[in-house]
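A look at the structure
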Amino acid sequence: MTPQSIGLALLVLGFILLVGKVLRIKVHWMQSLFLPSAIIGGTVGLLAGPEVFGKIASLLGTDMFASGGLFTEDMIEVWKTLPGLLISVVFATLFLGQDLPGPKRVVELAGPQLSLGVAFASGQYVVGLLVAVLIITPIFGIPYMAGALIEIGFEGGHGTAAGMIQVFEDLGWSEGGDLAIGTATVGLVGGVVIGVGLINWAVRTGRTKVVHETADRSREEEIGLFRNDEYYPAARMTARPSSIEPLSLHVAILALAIILGQLMLSGLQLLETTFWPDFKLLAYVPLFPLAMIGGIIVQLVLKWTGYDHMIDSQMMARIQGLGLDLLVTAAIATVSLKAISANFWPFLLLCVAGIAINTFILLWFTPRCIPDYWFERGIGDFGQSMGVTATGLILMRIVDPEGKSPCFEAFGYKQLVFEPFFGGGFITALMTPLIFKFGPWPPLIGMAVLFVIALTTGLFYWGKDIDQKKLRASYKKNVAK
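To keep things clear, this report deals only with the structure shown in the data block. Residues take numbers from 1 onward in each chain, read along the sequence in its written order. Confidence filtering applies because this is a predicted model: local features only for residues at pLDDT of at least 70, side-chain atom pairs given and counted only at 80 or more, and all residues used for totals across whole chains, interfaces and linings. Where side-chain values are given, they derive from all heavy atoms of the structure, hydrogens and water being excluded.

Let's shift gears to the overall build of the protein chain. Counting from the N terminus, the helices are the DSSP runs of H or I reaching at least four residues and the strands are the DSSP runs of E reaching at least two. Helices and strands together make up the secondary structure of the protein chain, namely 22 helices and 0 strands. The C-alpha radius of gyration of the protein chain comes to 22 Å, within 12% of the 23 Å expected for a compact globule of 481 residues. Overall, the protein chain is about 65 × 65 × 55 Å in size when its C-alpha atoms are taken along their principal axes. Taken over 481 residues, the protein chain has a buried fraction of 50%. Excluding contacts between residues fewer than 6 apart, the proportion of contacts in the protein chain whose partners are at least 24 apart in sequence is 78%. Element-wise, carbon and sulfur atoms account for 66% of the exposed surface of the protein chain, whose accessible area totals about 22,200 Å². Only four residue types enter the charge count: Lys and Arg as positive, Asp and Glu as negative, with His and the chain ends excluded. Where a charge lies is defined by one atom per residue type, namely NZ (Lys), CZ (Arg), CG (Asp) and CD (Glu). Distance between charge centres in the protein chain, computed from 32 positive and 35 negative side chains, equals 10 Å. In this setup the radius of gyration rests on C-alpha atoms only. A globule is expected at 2.2 Å times the number of residues raised to 0.38. Only protein chains enter the accessibility calculation, which uses a 1.4 Å probe. A residue is then buried if its area is under 20% of the maximum for its type, exposed if over 50%, and partly exposed in between. Note on contacts: a residue pair is in contact if any heavy atoms of the two residues lie within 4.5 Å. Using a 1.4 Å probe, accessible areas were evaluated by the Shrake-Rupley method; residue-level cover was limited to the displayed protein chains.

In an α-helix, one full turn covers 3.6 residues, which means residues spaced three or four apart are oriented alike. In this model, helix α20 (residues 426-438) (13 residues) spans 17 Å end to end at C-alpha, consistent with the 18 Å of a helix rising 1.5 Å per residue. Largest kink in α20: about 25°, centred on threonine 432, with the proline proline 433 one to four residues after it. For α20, the full list of buried residues reads Thr428, Ala429, Met431, Thr432, Pro433 and Ile435. Positive backbone phi, approximately 90°, marks glycine 439, located one or two places after α20. One fewer than the residue count of a helix, multiplied by 1.5 Å, yields its expected span. Fitting axes to the seven residues that end at a residue and to the seven that start at it, the angle between those axes gives the bend at that residue.

Here we come to the side chain of glutamine 384. Relative to the helices and strands, glutamine 384 is located in helix α17 (residues 374-386). With relative accessibility at 3%, the residue glutamine 384 sits in the buried group.

Take the packing of aromatic side chains next. The criterion for an aromatic pair is that two Phe, Tyr or Trp rings (for Trp, the six-membered ring) have centres within 6.5 Å, with stacked assigned to planes under 30 degrees apart, edge-to-face to planes over 60 apart and tilted to the rest. In total, this model carries 9 aromatic pairs according to the counting rule given. Over the ring of tyrosine 373 we find lysine 209; its NZ or CZ atom is 5.4 Å from the centre of that ring. Stacked on the ring of tyrosine 461, the Lys or Arg lysine 464 has its end atom at 4.7 Å from the ring centre. Either the NZ atom of lysine or the CZ atom of arginine qualifies as a charge over a ring when it sits within 6 Å of the ring centre and within 35 degrees of the ring normal.

Throughout this description, the term nonpolar core refers to a set of buried Ala, Val, Leu, Ile, Met, Phe, Trp, Tyr and Cys residues connected via side-chain atoms within 4.5 Å. One finds Trp79 and Ile379 to be the most contacted residues of the largest nonpolar core, which totals 104 residues. With 11 residues, the single largest contributor to this core is helix α6 (residues 103-140). Ignoring anything within four residues of it in the chain, the contact list for tryptophan 79 reads Ala9, Val12, Leu13, Ile16, Phe71, Ala330, Ala333 and Thr334. By size, the runner-up hydrophobic cluster in this structure holds 20 residues, among which are Ala239, Leu254, Val285 and Val298.

Given below as structure tokens:
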């Protein structure tokens, strides 16, 4: 593989992403589902690649396209490598340029939201591991590690799923990475479709406080473009271009965060091999959660030294968005349909179980945990627990287009505590190696305890002032309608 072939692979990947955007503009049902261009483009790449076009061509009698479809084999190999690299970019940018309030203030502002978020994440592990222990492993012979796929794909999204591909390969179950990508796709599409359906239901039954009828979206919102007369600043200039291009400065700072993450990971792995040579747990931990910690360290140091103004959060968001778009496009374009088809029923069981637990937590637990604006605040976590943070933000914007409720603020502060652990954080990174090393029961018991704690704090601490009798009466009244 030559540098030219790598560069060509990146150019073609960008072209596929553009095709996805054009389809988003032209195809109405894709607009209705809020499908991101990266999902559409990745699907186009998958259809034109060896998994679909290549297989069809082989059935028609030619093996010319078997290794790459309409692409070259080198392109496919480059695309398979990209997700594992770009996920560190996505996670390292999470806290760069952000204000980091103290833990106490975060808990006070977003305590109920944190209980809700932990209930979603730990509940996915509980349900997934139970399905694995009771059905999938004994009947289909799939490793217990499948029990982690719901949280990896749903809560973590495509970025986390792609980042775990190498982990599954190292643990001897390469199909797990493809199933994780497939689960993430089901979660993202399901999060939007089910979320919009629940919003319409909530509006009709009077469960929303801000909107009382679904707002009409403009044509620009449907196709995902701004009008000529709209102004939305993409970023703020923090350095004079005569000294360094501001984008270059932010990329350099991002590189420092990832390097710090790699140094921390290498140090931890060295300690493990030195003092616990037979343990081999950190050897399977990916880089991206440590890259996120590296970003936090860089942000804190810059703040302490008075140079935090050098980082613009919007500029970091643009870099993160670029990394995530390329990551998702490449991950979907190279997913193995053979792995999903060979494990279709276990895959279907996990997806159904994940959707069921998320819907239950939103509709039963959320109104009993969050005192006010429960649906506006809960639908954001539902969207995140099904797809990605952006899905949650989209759903919150539908139910609170002008920010009249505290849903965005509470969600944002919850993320500061939540992200380092779930949805691609340390617990997500460690759970699969833990299941591999110790079996399903210790992680299942641990997540079950955490799930019960989240429910208990939500019901009896944050939700203690909610009149449960009135809540039940309201439910009966709306059901009667």
